Structures are given as structure tokens and as C-alpha cells.
Amino acid sequence: MYPNPQRNETDVWFKGESSYAGEIALEADPKIIYMGTKRLLDFMLALIGLMVLSPFLLIISILIKLDDPKASVLFYQTRIGKGGKPFRMFKFRSMVSNAEEMLEELLDQNEVSGAMFKMKNDPRVTRIGKWIRKTSIDELPQLWNVIRGDMSLVGPRPALPREVELYSNLDKLRLKVSPGCTGLWQVSGRSNLSFDQMIALDLEYIERRGLWLDVKLIFRTIKIMIFPNSAY
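Everything numeric in this text was worked out from a predicted model, so none of it was measured.

Caption draft 1: The nonpolar core, seen in detail. In this structure, Ile64, Phe92, Ile132, Tyr205 and Leu217 are the most contacted members of the largest nonpolar core, which totals 40 residues. Among the secondary structure elements, those contributing two or more residues to this core are α2 (21–67), β2 (86–92), α4 (127–134), α5 (142–148), β3 (152–154), α7 (184–187), α8 (195–208) and α9 (211–226). If near-sequence neighbours (up to four positions away) are discounted, Tyr205 is found in contact with Tyr34, Lys38, Val154, Gly155, Pro156, Leu184, Leu213, Asp214 and Leu217.

This is how it looks when you write it as C-alpha cells:
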């Protein structure tokens, strides 16, 4: 079991074993309040979102099934969460059922540098998939991941295990917080940005994170879903 820095600091504070205990408590309180409030808002907003959007989600499910009757509506994939913990992330299926097998043949056509694969005219994407990816509708099932606590509404993009294997020590800093359905990278250019730019934006978010920034990013994401940006 890995040590828990927050628990250690709290133990020191209560036992009075450090002359800096008061300073530690004062510095920790805002972060604890933020994280607690963020988790509460994540749960409530994700739950409300799933309930309100359920008729729309049903329509999307039907369209996906009509486009490819043999494939499942939902697609799940192992991603790496906070502290390097793997979890199962859900999305609407936007690619053919054998997309993972086809990936090996497409790696040499990767259009971004670093530990990430992006291809503008990816042949694995289905007809309905092009639209739901462009509008980020394919990400909506991740609201269930938010309810489960695997993800937050706002945070760094959840990474694939094969990507994390190639991470530098700097890249691994983005694993300090829970991954998000949206974030600075998603609203700042997304597919037009390089891997290094994504890392820089994720680290900027971690440095600046707060409730007001989270709220602004959620509203910017809603705007992009209505008026899509460069996602593909």
C-alpha cells in the first residue's frame, strides 16, 4: 500500500509533532474543501445529466445500432486514472468493432507526436461516429464514470496504458489528479494540438484548478458541443 500524504499530515497536525502543523493545516484546508466540493458537484451534475439526457442518449444508441447492427452501442476501454490506477472508461461506439486490431496497421500514419495516436481521416470511424466525435457526444457515457468516482467532470484527458508506458517523469505529473470528461486541452484546440501542448495544458490546469475554473471549462465545453471545434 502506498503512503497517504494527506493522512500523514493530518496525523502530525492532531498529535502536534511539528511546529509547522498550523501552517500545514491552513495550506491543506482550501485543497480539502475544493476536492470535497468538486466531488459533490461531480456526482450531482453527472447524475442530473444522465437523467435529463436519457431520451437523447437512447436516440444516439438507436442511431449507432442502425449504423452497425452487429456492434455494441457502448465501447469500453482501460484507461489510467489518478495515481496510475487503471479503470474501465465508457464511450458511445464511434468506430468499427475491430478498431483495436486495425490500429497496429495505422500507427505509422499517426499525425501527432508523443504518446498519443490521432488521425484525421481514420478509416475505423463509422458514419455516425464522425458526428458524435465531432460534437463530443461520444463522451457522454463517461458521466457514469464520474458517478463511480473514476473520473471528474473536469481534468486531464484519461490516458491509455500504452501511452503511460512512454511517459517521461514530467508527463506522469498529469496522473496526480483524476482524469476528466473535459479540460483545458479539450477546449483549447484538441486534435490540432501536439502531445507536448496537451501535457502543458494539463499541467497548467493542475496548477490553476479551482471551482471557478471548472465551471468556466464546463460552460466552454457545452458551447463546443453546440458549435464543434477541431475534434475528430
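This is not the end of the story, as more comes after the structure.
Caption draft 2: Seen up close, the packing of aromatic side chains. Applying the stated criterion across every chain, the model contains one aromatic pair. Cation over ring: Arg88 sits above Tyr76, and NZ or CZ is 3.9 Å from the ring centre.

Caption draft 3: How the structure looks around the pattern of salt bridges. In total, this model carries eight salt bridges according to the counting rule given. A salt bridge links Lys91 to Glu139, with the nearest nitrogen and oxygen atoms 3.9 Å apart. Residue Lys91 is located in strand β2, and its partner Glu139 is located in the loop between α4 and α5; the two are separated by 48 residues in the primary sequence. You'll find Lys91 and Glu139 in the same group, each marked buried. With a closest N to O distance of 2.8 Å, Asp150 and Arg148 form a salt bridge. For Arg148, a relative accessible area of 47% translates into the label partly exposed.

Caption draft 4: Broad picture of the pairing of strand β1 (residues 74–80). Alignment of β1 against β2, held across seven bridges, turns out to be antiparallel. Bridge assignment links Leu74 to a residue of β2, and that residue is Phe92. Where β1 folds back onto β2 in an antiparallel hairpin, the turn is made up of five residues, including Gly83, whose phi is positive at roughly 70°.

Caption draft 5: Looking closely at α4. Along α4, the residues classified as buried are Ile128, Gly129, Ile132 and Arg133. Across the axial projection of α4, the buried residues extend over an arc of 130°, all falling on one side. For α4, the exposed residues set more than 90 degrees away from the buried face come down to Arg127 and Lys130. For α4, the N-terminal cap is Thr126; the gap from its side-chain oxygen to the backbone nitrogen of Gly129 is 3.0 Å. Backbone geometry just downstream of α4 places Ser136 in the positive-phi region, at approximately 65°.

Cut-offs applied
- Residues numbered from 1 in each chain as written.
- Predicted model: local features only at pLDDT ≥ 70, side-chain atom pairs only at ≥ 80, totals over all residues.
- Heavy atoms only, no water.
- Core = buried A, V, L, I, M, F, W, Y, C linked by side-chain atoms within 4.5 Å.
- Buried < 20%, exposed > 50% of the residue type's maximum accessible area, 1.4 Å probe, protein only.
- Helix = DSSP H or I, 4+ residues; strand = E, 2+ residues; numbered from the N terminus.
- Contact = heavy atoms within 4.5 Å.
- Phe/Tyr/Trp six-rings, centres within 6.5 Å; stacked < 30°, edge-to-face > 60°.
- Lys NZ or Arg CZ within 6 Å of the ring centre and 35° of its normal.
- Salt bridge = Lys/Arg side-chain N within 4 Å of Asp/Glu carboxyl O.
- Pairing = 2+ DSSP bridges.
- Arc of directions from axis to C-beta.
- Polar contact = N/O pair within 3.5 Å; in protein donor to acceptor, adjacent residues only side chain to side chain.

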